[in-house]
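This is what each chain is made of:
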Amino acid sequence: MKPSLSVAEQVDLLGRRGLVIEDDAACSAFLAAHNYYRFSGYARYFQRAPHLGDNSFESGSTFADIRAIYEADEDLRTRLVRPLARVELLLRAYTARIIADVHGPCGRYLEEDFYTDVGGGERTLASCLRDIERSKERHILRFRTTDSGSVDFRDLPVWSGIEAWSFGTLSKCIERGAKGALGEDVATSIGVAKGGFAYRVRALVYLRNRCAHHSRLWHHSVIDAGPTPNNVRVKAKRLAGQFEPRSILDVLASLDDMLTRSGTADPVLPELVQRHPRDSTFWQGLARPQNPRDYSPDNR
């Protein structure tokens, strides 16, 4: 078991491992506010071989350098909140509209066979009902209880019910609704490619959740990476340079495509390119994510 260290002991440990700390008091204040463990996720990329037990820092590594990466990552997560919210609301609106127009406003979207479920995970309808049932909003509660005291949402309009769903549940609905056709209809309505659209939405959910939970984006390989269309990637790479398919930049390229084609908001990548040079340590960690064990300081 690793011992619990005081903040002062944490600062001392970093110094003994070779990290240049220009201001002990500033380092202490930062670690106290942000947690040593979170900081270590960034620090590993400045250490020699932490996966082999060598936690010493590469020569010349400074606390200021790592803090700058940490704060750039924090700033990016904050900046992504609004465009991700815009796309989520766009998807809610179009999904509700298509369901209402094609399948009727009530009932059908809360039937088991409206969705095509695969695997052993939670059924899509169960996710939809769970989110609706835990809502405390008046527009949900007024449909919740029948005269007999039972719960019955058959008269709950989809444009009301969908507002209770999490982004993850909405993603499931888009992917599996109406025998898989719902996602294609939503994509067509907002003007983006139908192929792989549901998986692109899933990638946005994944990114939104990482931002919401303050998780590291720098050197993070996206698990639920959506199949970003080639034309979207080519356009993004002309602006941002090369990036890997499971990189954060690939998901941002997909996000920008939905934002611009729908006219919902300004794209994210142009501003990000202006703020961070392509050859910067931070940018390279977004474009070419690596596990610390595979990382070389020469890549910085």
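Whatever comes next refers back to the structure up there.
In this report, the structure presented in the accompanying data block is examined. Keep in mind it's a predicted model, so treat the numbers as computed, not measured.

Calculation criteria
Residues numbered from 1 in each chain as written. Predicted model: local features only at pLDDT ≥ 70, side-chain atom pairs only at ≥ 80, totals over all residues. Heavy atoms only, no water. Axes fitted to C-alpha atoms, helices over the stretch in contact; angles between N-to-C directions. Helix = DSSP H or I, 4+ residues; strand = E, 2+ residues; numbered from the N terminus. Left-handed = near helix turned anticlockwise from the far one by under 90°. Contact = heavy atoms within 4.5 Å. Nonpolar A, V, L, I, M, F, W, Y, C, P; charged D, E, K, R; others polar. Core = buried A, V, L, I, M, F, W, Y, C linked by side-chain atoms within 4.5 Å. Buried < 20%, exposed > 50% of the residue type's maximum accessible area, 1.4 Å probe, protein only. Salt bridge = Lys/Arg side-chain N within 4 Å of Asp/Glu carboxyl O. Patch = residues over 30% accessible without salt bridge, like charges linked within 9 Å, V, L, I, M, F, W, Y side chains within 5 Å. Areas by Shrake-Rupley, 256 points an atom, 1.4 Å probe, with all protein chains shown as cover. Lys, Arg positive; Asp, Glu negative; His and termini not counted. Charge placed at Lys NZ, Arg CZ, Asp CG, Glu CD. Expected span 1.5 Å × (residues − 1). Arc of directions from axis to C-beta. Pairing = 2+ DSSP bridges.

## Side note on the packing of helix α4 (residues 63-103) against helix α9 (residues 181-190)
Turning to step 1, where the next piece is worked out: Two numbers describe how α4 lies on α9: the axes approach to 10 Å, and their chain directions differ by 115 degrees. Pair α4 / α9 crosses with right-handed handedness. Here Leu-90, Leu-91, Tyr-94, Thr-95, Ile-98 and Ile-99 of α4 come into contact with α9, specifically with Leu-182, Asp-185, Val-186, Ser-189 and Ile-190.
Turning to step 2, where the next piece is worked out: Per-class residue counts for the contact of α4 with α9 are eight nonpolar, two polar and one charged.

## Structural notes on the nonpolar core
Turning to step 1, where the next piece is worked out: Leu-80, Leu-91, Phe-197 and Leu-252 are the most contacted members of the largest nonpolar core, which totals 84 residues.
Turning to step 2, where the next piece is worked out: Sorting elements by how many residues they give to this core places α4 first, with 15 residues.
Turning to step 3, where the next piece is worked out: Here Leu-91 is in contact with Phe-167, Leu-170, Ile-174, Val-186, Ile-190, Phe-197 and Val-201, once residues within four sequence places are set aside.

## So, the pattern of salt bridges
Turning to step 1, where the next piece is worked out: Enumeration over the complete set of coordinates arrives at 22 salt bridges.
Turning to step 2, where the next piece is worked out: Residue Glu-71 is joined to Arg-67 by a salt bridge in which the shortest nitrogen-to-oxygen separation is 2.8 Å. Here Glu-71 and its partner Arg-67 are both found in helix α4, four residues apart, which amounts to about one turn of the helix.
Turning to step 3, where the next piece is worked out: Taking relative accessible area as the criterion, Glu-71 reaches 35% and is therefore assigned partly exposed.
Turning to step 4, where the next piece is worked out: Using a relative accessible area of 28% as the deciding quantity, one classes Arg-67 as partly exposed.
Turning to step 5, where the next piece is worked out: Between Arg-200 and Asp-257 there is a salt bridge, with its nearest N and O atoms 2.9 Å apart. Linking Arg-200 in helix α10 (residues 197-212) with Asp-257 in helix α12 (residues 248-262), this pair joins segments that are 57 residues apart in sequence.
Turning to step 6, where the next piece is worked out: The buried category is assigned to Arg-200, whose relative accessible area is 1%.
Turning to step 7, where the next piece is worked out: Within the structure, one salt-bridge network assembled from shared partners comprises Glu-122, Arg-130, Asp-131, Arg-134 and Lys-172.

## Some remarks on a negative patch on the surface
Turning to step 1, where the next piece is worked out: On the surface, a cluster of negative charge is made up of Glu-22, Asp-23, Asp-24 and Asp-65.
Turning to step 2, where the next piece is worked out: Along the chain, Glu-22 falls in the loop between α1 (7-16) and α2 (24-34).

## Comments concerning α12
Turning to step 1, where the next piece is worked out: Taking 1.5 Å per residue as the helical rise, α12 with its 15 residues ought to reach 21 Å, and the 21 Å between its terminal C-alpha atoms agrees with that figure.
Turning to step 2, where the next piece is worked out: Among the 15 residues of α12, 12 are classified as buried, and the element is accordingly described as predominantly covered.
Turning to step 3, where the next piece is worked out: Of the surrounding elements, those touching the buried residues of α12 are α4, α10, α11 (230-240), α13 (269-275) and α14 (281-287).
Turning to step 4, where the next piece is worked out: Where α12 terminates, the next one or two residues include Gly-263, which has phi positive at roughly 70 degrees.

## With respect to helix α5 (residues 124-133)
Turning to step 1, where the next piece is worked out: Within the span of α5, buried status applies to Thr-124, Leu-125, Ser-127, Cys-128, Asp-131 and Ile-132. In a view along the axis of α5, the buried residues occupy a sector of 160 degrees, so they form one face of it.
Turning to step 2, where the next piece is worked out: For α5, the secondary structure elements touched by its buried residues are α6 (138-141), α7 (158-161) and α8 (167-176).

## Observations concerning the side chain of Asp-257
Turning to step 1, where the next piece is worked out: With relative accessibility at 8%, the residue Asp-257 sits in the buried group.
Turning to step 2, where the next piece is worked out: Those residues in contact with Asp-257 that lie beyond four places of it in its chain are Val-192, Arg-200 and Val-232.

## Observations concerning the pairing of strand β2 (residues 54-57)
Remark: a regular strand shows side chains that alternate across the two faces of the sheet.
Turning to step 1, where the next piece is worked out: Pairing of strand β1 (residues 47-49) with β2, which is carried by two bridges, proceeds in the antiparallel orientation. By the bridge assignment for β2, Gln-47 is matched with Phe-57.
Turning to step 2, where the next piece is worked out: The turn joining β1 and β2, which pair antiparallel and follow one another in sequence, is formed by four residues; a positive phi near 90 degrees is taken by Gly-53.

## Describing unusual backbone geometry
Turning to step 1, where the next piece is worked out: Even without being a glycine, Asn-35 presents a positive backbone phi close to 85 degrees.
Turning to step 2, where the next piece is worked out: Mapping Asn-35 onto the fold places it in the loop between α2 and α3 (36-43).
Turning to step 3, where the next piece is worked out: Look at Asn-35 and you get partly exposed, because its relative accessible area is 42%.

Limitation: the analysis is restricted to geometry and does not speak to function.
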